[in-house]
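Below, each chain spelled out in residue letters.
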Amino acid sequence: MSREELGAVFFLVGYGVVFLAAVRIFGLRRVLWALVLVVFLAVAVAFKTLGSVTGGRRY
């Protein structure tokens, strides 16, 4: 395994540990609701940005 792959594995393991700790502290239902909220907000911001880039006034 190369160094780049090893860095990615540590990154994913770190996220997994944080996820498991959050589930242990807050419970699975709250963590999943938080993830859904983050995804929903990210999609809303993406569409708002896309609308401002593609739409708007023409000079």
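Relevant structure appears above.
Residues numbered from 1 in each chain as written. Predicted model: local features only at pLDDT ≥ 70, side-chain atom pairs only at ≥ 80, totals over all residues. Heavy atoms only, no water.

Trainee: Teacher, can you tell me more about the environment of Ala8 here?
Mentor: With respect to the helices, strands and loops of the structure, Ala8 is situated in helix H1 (residues 3-26). Judged by its relative accessible area of 39%, Ala8 falls in the partly exposed class. Note: C-alpha distance between Ala8 and Trp33 (25 residues apart in sequence) is 26 Å. (Helix = DSSP H or I, 4+ residues; strand = E, 2+ residues; numbered from the N terminus. Buried < 20%, exposed > 50% of the residue type's maximum accessible area, 1.4 Å probe, protein only.)

Trainee: Any chance you could explain the environment of Val53 here in plain terms?
Mentor: Here Val53 is to be found in helix H2 (residues 28-54). Under the relative-accessibility criterion, Val53 is labelled exposed at 62%. Between the C-alpha atoms of Val53 and Phe10, which are 43 residues apart in sequence, the distance is 36 Å.

Trainee: Explain the packing of aromatic side chains to me, please; I cannot follow it from the model alone.
Mentor: Each pair of aromatic rings is reported with the distance of its centres and the angle of its planes. For the structure shown, the criterion picks out one aromatic pair. Judged by centre distance (5.0 Å) and plane angle (85°), the rings of Phe11 and Tyr15 are edge-to-face. Of this pair, Phe11 and Tyr15 both sit in helix H1, four residues apart, roughly one helical turn. Each member of the pair Phe11 and Tyr15 is classed as exposed. (Phe/Tyr/Trp six-rings, centres within 6.5 Å; stacked < 30°, edge-to-face > 60°.)

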